[in-house]
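# Secondary and tertiary structure notes
Here's the letter readout for the chains.
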Amino acid sequence: MHKAPINVSTEYNEGLPGLPLLNFPLSSALEAGEPPEARGLARDEVRLMVSRISTDQIVHTHFRQIGDFLKPGDVLVINTSGTMNAAIPAVRADGLPLELHLSTHLPADLWVVELRAYDDKTTRPFDQLEVGETLDLPGGGSVTLHVPYHHGSASKRSSRLWIATLQLPDTLERYLTMYGRTIHYSYVPEQWPTEYYQTAYVTEVGSAEMPSAGRAFTPEIITGLIAHGVQVAPLLLHTGVSSLEEHEPPYEEYYRVSPTTARVVTIAREEKRRIIAVGTTVVRALETVTDVDGTTHPGEGWTTTIITPERGLYAVNGLLTGLHEPQATHLLMLTALANREHLCIAYREALSKGYLWHEFGDLHLILP
């Protein structure tokens, strides 16, 4: 079998100095450019790679068979946040058309936003903006830029993201329904309807981009898992815009963990059962409210928690996730769960077997 070269990069992430990232070549042929439904597949027919940390065993299957790898007493923690139509056309005072990406709704009705320039069928970051600038939005709306997000930071993101105020002629929900569309990047050249970006268990819309690890779940699969004795516990974390160009570390995101979910996770931890997060967003939210002794508390607010191997994990011992880009900061979170050697083995397998990357791609279930 061909072994794709995977190594530890000699370069370091700017926002997390001292932490080298995994580096490997990723062919554009392995980037999922359309939903599986457009490829003639059902949601749950994407491929699933199951890897066991303790033995380095790798199993290749399809998501529809996920129940074969879960057992009674396992706890699946899901993120019920739904995806906004967070991309809106914007026009500068000089007439230049841009695309506004809504990222995070802050207190005092402020927003973290990104402006991007059109580039064929996709967009790229636009960094020639000014403090106090107001841009026109459709239907008589506007956005005013107040200050770069993380103003004064040495990070490149200080000029990419802005704190802003929206002036809209209608409620946010109705306005985005009328004028917004889902955010997509160059590897997804076509615009797809919003329903392709929603999971089966959305309770509250608020994410700039889809919490995609749970996309393959269907009501039938969830019902079958519950009947099998698997517990499903919900929480909420609204994702902000991703950082594909710079692989920046994550920034503040809103989360909410209920008393019921906190209790379910804590009891499972005490009983040494498996707690499997569905997506890196779930890991971030749970780890924010979990003590070093493994006690998970209910909580709501803004998390700044960044998961690294040095920090470690206190809440989860399993993860369902997509496949992450070379040197992506999410790989640091995965390395906190599994050792770097195990991830190298798994990603080498995924590359050699032709797994697909990104939100419409295949999935990876990491078990203890």
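Per chain, the residues get numbers from 1 upward, laid out in the order the sequence is written. Local features in a predicted model are, by the rule used here, given only for residues with pLDDT of at least 70; side-chain atom pairs are given and counted only at 80 or more, and totals for whole chains, interfaces and linings are based on all residues. No hydrogens and no water enter the side-chain calculation; it runs on all heavy atoms of the structure.

## Some details on the overall build of the chain
For clarity, the cut-off: Helix and strand assignments come from DSSP, with helices taken as H or I runs of at least 4 residues and strands as E runs of at least 2, each series counted from the N terminus. Residue burial is assigned from relative accessible area. The probe radius is 1.4 Å, only protein chains are included, and a residue is buried under 20% of its type maximum, exposed over 50%, and partly exposed in between. Contacts: residue pairs with any heavy atoms within 4.5 Å of one another. Each accessible area value is a Shrake-Rupley result obtained with a 1.4 Å probe; residue values ignore everything except the protein chains displayed when judging cover.
Along the backbone of the chain there are six helices and 20 strands. Taken over 368 residues, the chain has a buried fraction of 57%. Counted over contacts in the chain with a minimum sequence separation of 6, partners at least 24 positions apart contribute 70%. On the chain, roughly 15,100 Å² of surface is accessible, and the fraction owed to carbon and sulfur atoms is 52%.

## Some points on the packing of aromatic side chains
How two aromatic rings sit relative to each other is set out by the distance from centre to centre and by the angle between their planes. This is how it is decided: Stacked, edge-to-face and tilted are the three classes for Phe, Tyr and Trp ring pairs, Trp counted by its six-membered ring, which pair at centre distances within 6.5 Å; planes under 30 degrees apart are stacked, over 60 edge-to-face, the rest tilted.
According to the stated counting rule, one finds eight aromatic pairs in the structure shown. Here Tyr201 and Phe217 contribute two aromatic rings whose centre-to-centre distance is 6.4 Å and whose plane-to-plane angle is 55°, an arrangement assigned as tilted. Of this pair, Tyr201 sits in the loop between helix H1 (172-179) and strand E14 (204-207) while Phe217 sits in the loop between E14 and helix H2 (219-227), and the two are 16 residues apart along the sequence. Like Phe217, Tyr201 is buried. Here the aromatic residues Phe63, Tyr201 and Phe217 are joined through ring pairs into a cluster of three or more.

## Some points on H2
To keep it simple, the criterion reads: Our arc is simply the arc of the directions from the helix axis toward the C-beta atoms.
Burial in H2 covers these residues: Ile221, Ile222 and Leu225. Viewed end-on, H2 has its buried residues packed into an arc of 100°, placing them on one side of the element. Every exposed residue of H2 that faces more than 90 degrees away from the buried side is listed here: Glu220, Thr223 and Ala227. The inward-facing, buried residues of H2 abut strand E5 (75-79) and strand E15 (231-237). Once H2 ends, the next one or two residues include Gly229, with phi positive near 100°.

## Notes on the environment of Glu204
The cut-off we apply is this: Here a polar contact is recorded for every N or O atom pair within 3.5 Å, except that within protein the pair must consist of a potential hydrogen donor and a potential acceptor, and residues adjacent in sequence are included only if both atoms are side-chain atoms.
The topology assignment puts Glu204 in strand E14. For the pair Glu204 and Met84, spaced 120 residues apart in sequence, the C-alpha separation works out to 9.8 Å. Among the polar contacts made by the side chain of Glu204, one reaches the side chain of Arg256 at a distance of 2.7 Å.

## Some words on the side chain of Ser103
Assignment of secondary structure puts Ser103 in strand E8 (residues 97-105). At a separation of 3.0 Å, a polar atom in the side chain of Ser103 contacts the main-chain amide nitrogen of Val241. Within the local environment of Ser103, its side chain forms a polar contact with the side chain of Tyr251, the two groups lying 2.8 Å apart. With sequence-adjacent residues up to four places away left out, Ser103 is seen in contact with Met84, Trp111, Val112, Val113, Ala208, Thr239, Gly240, Val241 and Tyr251.

## Description of the pattern of salt bridges
How we decide: A pair is scored as a salt bridge if a Lys or Arg side-chain nitrogen falls within 4 Å of a carboxyl oxygen belonging to Asp or Glu.
Counted under the stated rule, the structure contains 14 salt bridges. The partner of Asp74 in a salt bridge is Arg274, with the nearest N and O atoms 2.7 Å apart. Within this pair, whereas Asp74 is found in the loop between strand E4 (57-62) and E5, its partner Arg274 is found in the loop between helix H3 (259-270) and strand E17 (275-278), the two being separated by 200 residues in sequence. Note on accessibility: Asp74 and Arg274 belong to one class, buried. Two residues, Asp170 and Arg174, come together in a salt bridge whose shortest N-O distance is 2.8 Å. Taken together, the shared-partner salt bridges connect Glu37, Arg43 and Arg215 into one network.

## Regarding the packing of helix H5 (residues 330-337) against helix H6 (residues 340-352)
The line we're drawing: Angular values range over 0 to 180 degrees, each being the angle between N-to-C directions of two axes fitted as lines to C-alpha atoms, with helices fitted over their stretch in contact. Three categories are distinguished: nonpolar for Ala, Val, Leu, Ile, Met, Phe, Trp, Tyr, Cys and Pro, charged for Asp, Glu, Lys and Arg, and polar for the others, with Gly belonging to the last.
Between H5 and H6, the least distance of the axes is 8 Å, while the angle of their chain directions is 115°. Within the contact between the two elements, H5 uses Leu331, Leu334 and Thr335 and H6 uses Arg340, Leu343 and Tyr347. Of the residues in the contact of H5 with H6, the class split is four nonpolar, one polar and one charged.

## Topic: the pairing of strand E20 (residues 363-367)
Put simply, side chains in a regular strand alternate between the two faces of the sheet. Our working rule: Paired strands, in this sense, are two strands between which DSSP finds at least two bridges.
Among the five residues that make up E20, five are buried, leaving the element largely enclosed by the rest of the structure. Covered by surrounding structure in E20 are Leu363, Leu365 and Leu367 together with His364 and Ile366, the residues of both alternating faces. Where strand E19 (residues 318-322) meets E20, four bridges bridge the pair, whose relative direction is antiparallel. Within E20, the residue paired with Leu320 across the bridge is Leu365.

## A few points about the pairing of E8
Within E8, seven of the nine residues are buried, which leaves it mostly tucked inside the rest of the structure. The pairing of strand E7 (residues 87-91) with E8 spans five bridges and is antiparallel. Within E8, the position partnered with Ile88 by the bridge is Leu100. Counted between consecutive antiparallel strands, the loop separating E7 from E8 contains five residues, among which Gly95 sits at a positive phi close to 95°. With seven bridges joining them, E8 and strand E9 (residues 111-119) adopt antiparallel strand pairing.

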